[in-house]
Amino acid sequence: MYLSRSAQDTTTADIVLDSFRVNMPEFLVNPEPPVTLVGHETLPLVDGNDLVLQFVLNSCHVVPGPTDVDKFSKALAITLSRFPHAAGRLRRTGDGWWIDLTGSAVPVVVVENADLDAPFPAEHRPHVIQSSTVDFVSLVPLEGAIKGEDVPLISFKLTYLTKTGETVIGNSWNHVLGDGNTVHHFIYTLSQAYQDLPLPPLPVFHKRAWPDPPVGEEGEELFRTITPHVAKSYPLEQVLERYGAEVKDTSLLDLFFTGTQIDKLHEKATEGVSSDVKVTRQDALSAYITTLHNRCLEEPIHCVMNLMNYRTRTPDEDALYRHPQNAANCTVITFADLQGKTDLSSIAQSIRRHTVRARDNDFVETYLMLNSNRYQQAVKDTRFYMYPAPGIVLVNSLLGLDENGLRNFGYKGRTQYYSEVSWRGCSVCILRIRCVWRMGYGRLTRVRWLSP
């Protein structure tokens, strides 16, 4: 039996149990009693930075064998007890948003596919970032959640491939629950619980209401220099239309980098660099992609936007929103103005200097104050932001997360992780104008840009 579950635990009575066939479209997993946020009925989203309502994070793990559905269900129930907001519902009154901690059941779809020879085409199998994982996830209803409907914020889909014996564990995650780091810790907890192994540290849920930014010229200057990406918002319908058009008008370029090649780029980027500038492998690869664009595009890249995790291992007592286990959207975006720099080393140094600046607590607080203010103003009218503009490259990297080693579901060293950032199942977040890219450690950098 590859995928099995007792009939009384499913929402479908029609279950055929044999070696190859399971007809079990969907069942629901109720969370165990919460071990975090105990005594709380709601999780207020007082920080506007959490109001990333327009995106869904889709990802999947391919394991080279069967998945025990009963064990998976129990593991998911345990994980939801540690992340109770994932079993909640998004709500709104006036300008206020929160997650009702309803302890609602999470849907899990189980299917068998007898047609596919592999989850992804052979030429794309090594790639971390896929054009779409929509066949292997059960998309959470994004617009329904924004409207306050009784819809889940997270869902799972287990697809068993009979030809290969593999199982694809797909997950669809409403971005309001947290960023990629939060997803990582959620799935890591799920994987550990599935294997009956020690669980990672509990998540925390620190939310902070930021003060209003300065008014007048002082405030406008801060917005211009620190958060220019939130200068203008757009209605939801226009955002959908624009993203759809851009996805249609782009062509795909896949670039594969080995760990050795990234090391070589790092060596080249650090030649002659003073010891006070600690250029990283990430900086070197970001800089190289920028130089590649500059060799190919009519309009050169003049700025690198870097989306960064601002959590820290040892946050100050008055900055617990930076806790390493904080389940939230804990990111800032820096803007490295290249000022005409075109060589690999100079670009890498510029990126590093802006990254170091972004680690400063005063900068983080100023950024979050500004960004929170703009997001709160926009979402009350169901408006959202789109970026980057032409001539700017946005770096959103997976390089620092061990997706395969930690989240292996009992198949250590043999699990393959795939991702996309989705809008209605399309990878729109990473398909921005000309030059948005993400990468997985030692495996792939994927780029989309507008065709000439």
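Residues numbered from 1 in each chain as written. Predicted model: local features only at pLDDT ≥ 70, side-chain atom pairs only at ≥ 80, totals over all residues. Heavy atoms only, no water.

**Topic: the overall build of the protein chain**
Then, number 1: In terms of helices and strands, the protein chain carries 10 helices and 17 strands.
Then, number 2: Within the span of the protein chain, comprising 452 residues, buried residues form 56% of the whole.
Then, number 3: Accessible surface computed for the protein chain: about 18900 Å², of which carbon and sulfur atoms make up 51%. (Helix = DSSP H or I, 4+ residues; strand = E, 2+ residues; numbered from the N terminus. Buried < 20%, exposed > 50% of the residue type's maximum accessible area, 1.4 Å probe, protein only. Areas by Shrake-Rupley, 256 points an atom, 1.4 Å probe, with all protein chains shown as cover.)

**Considerations on the packing of aromatic side chains**
Then, number 1: With the rule as written, the count across this model stands at 11 aromatic pairs.
Then, number 2: Taken together, a centroid distance of 5.3 Å and an interplanar angle of 65 degrees make the contact between Trp173 and Phe186 edge-to-face. Taken together, the residues Trp173 in strand β8 (residues 166-174) and Phe186 in helix α3 (residues 180-194) connect sequence positions 13 residues apart.
Then, number 3: On the basis of relative accessible area, Trp173 is assigned to the buried category, the value being 0%.
Then, number 4: Overall, Phe186 belongs to the buried group, its relative accessible area being 0%. (Phe/Tyr/Trp six-rings, centres within 6.5 Å; stacked < 30°, edge-to-face > 60°.)

**Details of the confidence of the model for the protein chain**
Then, number 1: With 84% of its residues at a pLDDT of 70 or more, the protein chain has an overall mean of 83.
Then, number 2: Overall, residues 1-22 carries pLDDT values under 50, and its contacts beyond four positions in sequence, including any with other chains, amount to 45 contacts.
Then, number 3: Long-range and interchain partners of residues 421-452, a stretch whose pLDDT sits below 50, account for 164 contacts in this model, where long-range means more than four residues apart. (pLDDT = per-residue confidence, 0-100. Contact = heavy atoms within 4.5 Å.)

**Quick word on α3**
Then, number 1: With 15 residues, α3 extends 21 Å between its outermost C-alpha atoms, agreeing within 8% with the 21 Å of an ideal straight helix rising 1.5 Å per residue.
Then, number 2: Burial of α3 is extensive: 14 of the 15 residues sit out of reach of the surface.
Then, number 3: Once α3 finishes, Asp196 follows within two positions and takes phi at roughly 60 degrees, a positive value. (Expected span 1.5 Å × (residues − 1).)

**Focus: the sheet that holds strand β5 (residues 96-100)**
Then, number 1: Strand order in the open sheet formed by 3 strands is β2-β5-β4, and the pairing between neighbours is antiparallel. Here the strands that pair on one side only, and so sit at the sheet edges, are β2 (42-44) and β4 (89-93). For this sheet, the mean angle separating the axes of adjacent strands, direction not counted, is 30 degrees.
Then, number 2: Of the strand pairs in this sheet, β4 and β5 are connected by 5 bridges, and their pairing is antiparallel. Note on β5: the bridge partner recorded for Leu90 is Ile99. (Pairing = 2+ DSSP bridges. Axes fitted to C-alpha atoms, helices over the stretch in contact; angles between N-to-C directions.)

**Notes on unusual backbone geometry**
Then, number 1: Here Leu37, not a glycine, exhibits a phi torsion of approximately 55 degrees, which is positive.
Then, number 2: For Leu37, the location among the structural elements is in the loop between β1 (24-29) and β2.
Then, number 3: At Gln339, a residue that is not glycine, the phi angle is positive and equals roughly 50 degrees.
Then, number 4: Within the fold, Gln339 resides in the loop between β12 (331-337) and α8 (344-358).
Then, number 5: Owing to a relative accessible area of 62%, Gln339 belongs among the exposed residues under this scheme.

**Here we look at the pattern of salt bridges**
Then, number 1: A complete count under the given rule lists 10 salt bridges for this structure.
Then, number 2: With a shortest N-O distance of 3.2 Å, Lys163 and Asp117 are connected by a salt bridge. Placement of the pair is Lys163 in the loop between β7 (154-161) and β8 and Asp117 in the loop between β6 (106-113) and α2 (142-146), with a sequence separation of 46 residues. For the pair Lys163 and Asp117, one class covers both residues: exposed.
Then, number 3: The partner of Asp263 in a salt bridge is Arg281, and the shortest N-O contact between them spans 2.8 Å. Taken together, the residues Asp263 in helix α6 (residues 259-269) and Arg281 in helix α7 (residues 281-296) connect sequence positions 18 residues apart.
Then, number 4: For Asp263, a relative accessible area of 35% gives the class partly exposed.
Then, number 5: Each of the salt bridges in this network shares a partner with another, and the network as a whole consists of Glu217, Glu221 and Arg224. (Salt bridge = Lys/Arg side-chain N within 4 Å of Asp/Glu carboxyl O.)

**Re the side chain of Asn306**
Then, number 1: With respect to the helices and strands, Asn306 occurs in strand β11 (residues 303-309).
Then, number 2: The contact partners of Asn306, leaving out residues within four places of it in the chain, are Val332, Ile333, Thr334, Ile351, Thr355 and Val395.

**Here's the deal with the pairing of β12**
Then, number 1: Counted residue by residue, β12 has 5 buried out of 7 residues, so it is predominantly covered.
Then, number 2: Where β11 and β12 come together, 7 bridges link them in antiparallel fashion. Its bridge partner being in β12, Asn309 is matched across the sheet by Thr331.

**Focus: the nonpolar core**
Then, number 1: Among the nonpolar cores identified, the biggest contains 84 residues, and Leu53, Phe72, Leu76, Leu90, Val108, Phe156 and Phe186 are the most heavily contacted of them.
Then, number 2: The contacts of Phe72, once residues within four sequence positions are left out, are Thr67, Val108, Phe156, Leu158, Ile169, Leu190, Tyr194 and Phe409.
Then, number 3: Ranked by size, the runner-up nonpolar core spans 23 residues in total, among them Ala269, Val273, Ile301 and Val395. (Core = buried A, V, L, I, M, F, W, Y, C linked by side-chain atoms within 4.5 Å.)

**Some words on the environment of Val69**
Then, number 1: Among the structural elements, Val69 can be located in helix α1 (residues 69-82).
Then, number 2: The class of Val69 is buried, set by a relative accessible area of 0%.
Then, number 3: C-alpha separation for the pair Val69 and Tyr194, spaced 125 residues apart in sequence, amounts to 9.9 Å.

**Considerations on helix α4 (residues 216-226)**
Then, number 1: Burial in α4 covers these residues: Gly219, Phe223 and Ile226. End-on, the buried residues of α4 take up no more than an arc of 95 degrees, which puts them together on one face.
Then, number 2: On its buried face, α4 sits against β12, α8 and α9 (361-379). (Arc of directions from axis to C-beta.)

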